[in-house]
Amino acid sequence: MGKSTVTTKDDAQALFHSLRSAYSSTPTNLKIIDLYVLFAVFTALIQVGYMAIVGSFPFNSFLSGVLSCVGTAVLAVCLRIQVNKENKEFKDLPPERAFADFVLCNLVLHLVIMNFLG
């Protein structure tokens, strides 16, 4: 039983080390998008925690806030996929076009969210 725990720990460390070394070669613009996604998800989690503690009286406001954060994170992941140079599917798509799509979709998303608020 002790030997399997040691090998599991070694496997986890090897996995963490390989992910860290692979991520260190990631371009800076993709790392910035990753931080934006993490911020959006973290903000959604804070809103869910606040709702659990305080209550959900204006439920439309809670849903709008969480859906705004989650929708923005999903759109940012789509932007990351399109801007990634290693992705061969979007090799003909210029990064400016991908960013314009991101901005336009965010605009539509937030107009829908504002409409949902009432």
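Remember, predicted model here, so these are calculated numbers, not experimental data. (Residues numbered from 1 in each chain as written. Predicted model: local features only at pLDDT ≥ 70, side-chain atom pairs only at ≥ 80, totals over all residues. Heavy atoms only, no water.)

Novice: For this particular structure, what's the right way to read the packing of aromatic side chains?
Specialist: Aromatic ring pairs are defined here through the distance separating the ring centres and the angle between the ring planes. Applying the stated rule across the entire model yields three aromatic pairs. On the basis of an interplanar angle of 80 degrees and a centroid distance of 6.3 Å, the ring pair of Tyr 36 and Phe 102 is categorised as edge-to-face. Here Tyr 36, found in helix α2 (residues 28–54), pairs with Phe 102, found in helix α4 (residues 95–117); they are 66 residues apart in sequence, far enough to count as distant. A centroid spacing of 5.7 Å and a plane angle of 40 degrees characterise the contact between Phe 59 and Phe 62, whose relative ring orientation is tilted. Within this pair, Phe 59 and its partner Phe 62 are both found in helix α3 (residues 59–83), separated by three residues, close to a single helical turn. Using a relative accessible area of 41% as the deciding quantity, one classes Phe 59 as partly exposed. On the accessibility criterion, Phe 62 (16% relative accessible area) is buried. Through successive ring pairs, a cluster of aromatic residues spans Tyr 36, Phe 99 and Phe 102. (Phe/Tyr/Trp six-rings, centres within 6.5 Å; stacked < 30°, edge-to-face > 60°. Helix = DSSP H or I, 4+ residues; strand = E, 2+ residues; numbered from the N terminus. Buried < 20%, exposed > 50% of the residue type's maximum accessible area, 1.4 Å probe, protein only.)

Novice: Honestly, the packing of α2 against α3 in this entry has me stumped. Any pointers?
Specialist: Geometrically, a packed helix pair is captured by the angle between its two axes and the distance between the axes. Interhelical geometry of α2 versus α3 gives an angle of 165 degrees and a closest axis separation of 9 Å. When the axes of α2 and α3 are compared, the pair comes out roughly antiparallel. Considering the relative orientation of α2 and α3, their crossing is left-handed. Here the contact of α2 with α3 is built from residues that sort into 18 nonpolar, five polar and two charged. (Axes fitted to C-alpha atoms, helices over the stretch in contact; angles between N-to-C directions. Parallel < 35°, antiparallel > 145°, perpendicular 65-115°, else oblique. Left-handed = near helix turned anticlockwise from the far one by under 90°. Nonpolar A, V, L, I, M, F, W, Y, C, P; charged D, E, K, R; others polar.)

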